Amino acid sequence: MEGEYKKTCLHASHVALGAQMSPFAGFDMPIQYRGITEEHLAVRNRVGMFDVSHMGEIFVSGPDAEKYVNHIFTNDVRGYGSGKILYGMMLYPNGGVVDDLLVYREFEPDHFLLVVNAANIDKDYGWMLQHREGFNVTIDNASDKWGQIAVQGPDSEKVVTEVLGLGKASSLTFYEYVETEWRGRRMILSRTGYTGEDGFELYAATDDTQEIWDMLLKAGVEPCGLGCRDTLRFEAGLPLYGDELSADVTPVEAGLGMFCKFDKDEFIGKEALVAQKTSGPSKKLVGIGIADRAIPRHGYPVELEDGTQVGEVTTGYHSISLDRSICMAYIDAAYSALGTALWIHIRKKTFPGQVVKKRFYQTNYKK
């Protein structure tokens, strides 16, 4: 398997720690170390760290950089100063999602960093190149040059400032970042998170990333795998490309319309979204609470009491933090109101539930 999948700069460390490794997004990645439950609770209650060096970093620069990014991105980067981060999507003309991503407005004029999902790096880069005609921009896929560690949990600020000496972290609020240095080389320090907890992302050169990881490990920070990263983001109601987002769904259907700025003159996919908002989407992403400990999985049918299928599960777990079975699902819009009774078909049985808010867990970001 090792010859078939890429390795992050921290791969040897994961193996040395005895992590359970598995393919993800073309990389051989750690799924868990001590266990998903232990790692999940470490992030919720203290602090944990994730190797997210598989994520993509694509830089856009040039005189038309702002105009170009606004053309391919649903959110609006105009009017924001440097040090701000925006969440949004790149869309196909029919409104389907190419990818969801973060855009960092850099401290240099006309410079942006786009952080994209690991499984979509090549696709996103190709899409960006395809749509740069008419724009005076340079697009640099620098994904292989950067490592990234996410430090997450209520103690994350203390760890980042005291263990790593990055005092600038305390000045950041949610969706802000700062340019700094590590051993004289460029580092990007941001405060976003994908767990529902306060947290930071440390972007650095690959060998610097190894040093940072070792320092955090020595200080007792819990190494966490992608298993609990999924349980954490799911409880916080955050989407995952390939589950809640794909070429077959739109931001309107996913409940992410607030990240699409319709007052912009244009962006790829805008016309399709406007039409869908006007007519109303035929399906919606909802949360469902289940009156049983049975675990719904991706692809399981969502039904009415009479067995009529009205949707399909995207992600489901028995929540570690809440001790209840919950899922997200796309269902016919007619049945998406809070409190609507629905049934989940799990193997050969059906289990009753009802529509609830997708944010199952109360998030703890530093606003």
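Undergrad: If you had to explain the overall build of the protein chain to someone new, which residues and values would you point to?
TA: In terms of regular secondary structure, the protein chain is built from 8 helices and 19 strands. The globule rule puts the C-alpha radius of gyration for 367 residues at 21 Å, and the 21 Å found for the protein chain is close to it. In the protein chain, which comprises 367 residues, the proportion classed as buried is 56%. If you take every contact in the protein chain between residues at least 6 apart in sequence, the share linking residues at least 24 apart comes to 66%. Approximately 15400 Å² of the protein chain is accessible, and the part contributed by carbon and sulfur atoms is 49%. With 38 positive and 51 negative side-chain charges, the protein chain shows a separation of 4 Å between the mean positions of the two kinds.

Undergrad: Report on helix α4 (residues 121–130), specifying residues and quantitative values.
TA: Those residues of α4 lying buried are I121, D124, W127 and M128. Angularly, the buried residues of α4 cover 135 degrees about the axis, an arc narrow enough to put them on a single face. For α4, the exposed residues lying more than 90 degrees away from the buried face are D122 and Q130. Looking at the buried side of α4, the elements it contacts are β4 (56–61), α3 (65–72), β5 (85–91), β6 (97–105), β7 (111–116) and β8 (138–141).

Undergrad: Would you mind going over α3 in detail, with residue names and values included?
TA: Counting buried positions along α3 gives 6 out of 8 residues, so the element sits mostly inside the fold. For α3, the full list of buried residues reads A65, Y68, V69, N70, H71 and I72.

Undergrad: Account for the packing of helix α2 (residues 36–45) against helix α7 (residues 226–235), naming residues and giving values.
TA: How two helices sit against one another is set out by the angle between their axes and by the gap between those axes. Contact pair α2 / α7: the axes reach a minimum separation of 8 Å and the direction vectors enclose 50 degrees. With respect to their mutual orientation, α2 and α7 come out oblique. When you trace α2 past α7, the crossing you get is right-handed. Of the residues in α7, those touching α2 at I36, E39, H40, V43 and R44 are G227, C228, T231, L232 and E235. Split into classes, the residues belonging to the contact of α2 with α7 amount to 4 nonpolar, 3 polar and 3 charged.

Undergrad: If you had to explain the sheet that holds strand β12 (residues 199–205) to someone new, which residues and values would you point to?
TA: Strand order in the open sheet formed by 6 strands is β10-β11-β12-β9-β3-β13, and the pairing between neighbours is mixed. In this open sheet, the two strands that pair with only one neighbour each are β10 (176–182) and β13 (222–224). Each neighbouring strand pair of the sheet contributes to a mean axis angle of 25 degrees, computed without reference to strand direction. Relative to strand β11 (residues 185–191), β10 is paired through 7 bridges, and the arrangement is antiparallel.

Undergrad: How would you summarise empty space enclosed by the protein if you had to cite specific residues and measurements?
TA: The final tally for this structure, using the stated rule, is 1 cavity of 30 Å³ or more. Within this model, the largest cavity holds a volume of roughly 30 Å³. If you go around the largest cavity, the residues you meet are V77, Y80, K84, L86, V103, R105 and F112. Looking at side-chain class alone, the lining of the largest cavity contains 5 nonpolar, no polar and 2 charged residues.

Cut-off values and rules
- Residues numbered from 1 in each chain as written.
- Predicted model: local features only at pLDDT ≥ 70, side-chain atom pairs only at ≥ 80, totals over all residues.
- Heavy atoms only, no water.
- Helix = DSSP H or I, 4+ residues; strand = E, 2+ residues; numbered from the N terminus.
- Rg over C-alpha atoms; globule rule 2.2 N^0.38 Å.
- Buried < 20%, exposed > 50% of the residue type's maximum accessible area, 1.4 Å probe, protein only.
- Contact = heavy atoms within 4.5 Å.
- Areas by Shrake-Rupley, 256 points an atom, 1.4 Å probe, with all protein chains shown as cover.
- Lys, Arg positive; Asp, Glu negative; His and termini not counted.
- Charge placed at Lys NZ, Arg CZ, Asp CG, Glu CD.
- Arc of directions from axis to C-beta.
- Axes fitted to C-alpha atoms, helices over the stretch in contact; angles between N-to-C directions.
- Parallel < 35°, antiparallel > 145°, perpendicular 65-115°, else oblique.
- Left-handed = near helix turned anticlockwise from the far one by under 90°.
- Nonpolar A, V, L, I, M, F, W, Y, C, P; charged D, E, K, R; others polar.
- Pairing = 2+ DSSP bridges.
- 1 Å grid on protein atoms, 1.4 Å probe; cavity = no way out; pocket = protein on both sides within 12 Å on 5 of 7 lines; lining within 4 Å.
- Points joined across faces, edges and corners; volume = space filled by probe spheres on them.

Worth remembering: the numbers are spatial, not functional.
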